[in-house]
Amino acid sequence: MAAIPFIDVVAFNNEPTLRTIFHSLVHVTQFSVVGLETVMEGYFRALNESGLWMVVPFEEQAYQLDGRYTRNAADVFSVEDEVREWHRSGRFIKEEKNTGLCNRGLKQAKTEYTNCTLQSKAAPLDGTFPP
Ligand SMILES: [Zn+2]
């Protein structure tokens, strides 16, 4: 890994090439347009299912666009428009296959957290909890 984006800041482990900078800025644009939570959820779901980061749609797009950028500098295009089009057409998240599973998992985790938090607040301080 040559770089890692953190919302609107990118950390590089070496002096970055223009391609690496461009690639990272595609991810920053994805965060901005699609939303951090949606990107992270989709990214790790796809990574978990495939085991391969290079087939994660967010990476697929970043590599396509950084390749386009480095192949022909005269080819001017809008990364934001490209990200919006992928997002609009559902290319980042495969709805049928993934959303149910993820939402169920996320909802369950939130419910468990909420229940745990509520139980903790409701627990008496005399050591009788749990019953
Ligand atoms: Zn990337």
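Residues numbered from 1 in each chain as written. Predicted model: local features only at pLDDT ≥ 70, side-chain atom pairs only at ≥ 80, totals over all residues.

1. Notes on helix α2 (residues 36-50)
Okay, so step 1: Its 15 residues give α2 an end-to-end C-alpha distance of 21 Å, which sits within 8% of 21 Å, the value for a rise of 1.5 Å per residue.
Okay, so step 2: Looking at α2, one finds that the buried residues are Val39, Gly42 and Ala46. Down the axis, α2 shows its buried residues gathered within 75° of arc, on one side only. Turned more than 90 degrees away from the buried face of α2 sit Glu37 and Asn48, all of them exposed.
Okay, so step 3: Buried residues belonging to α2 abut α1 (18-34) and α3 (57-71).
Okay, so step 4: Positive backbone phi, at 75°, marks glycine 51, one or two positions downstream of α2. (Helix = DSSP H or I, 4+ residues; strand = E, 2+ residues; numbered from the N terminus. Expected span 1.5 Å × (residues − 1). Buried ≥ 20, exposed ≤ 12 C-beta atoms within 10 Å, placed from the backbone. Arc of directions from axis to C-beta. Contact = placed C-beta atoms within 7 Å.)

2. Digging into the nonpolar core
Okay, so step 1: Counting residues in each nonpolar core, the largest one holds 13 residues, and the members touching the most others are Val26, Phe58, Ala62, Leu65, Val79 and Phe92.
Okay, so step 2: Listing elements by their share of this core, those giving two or more residues are α2, α3 and α4 (79-88).
Okay, so step 3: In this structure alanine 62 touches His23, Val26 and His27, once residues within four positions along its chain are discounted. (Core = buried A, V, L, I, M, F, W, Y, C linked by C-beta atoms within 7 Å.)

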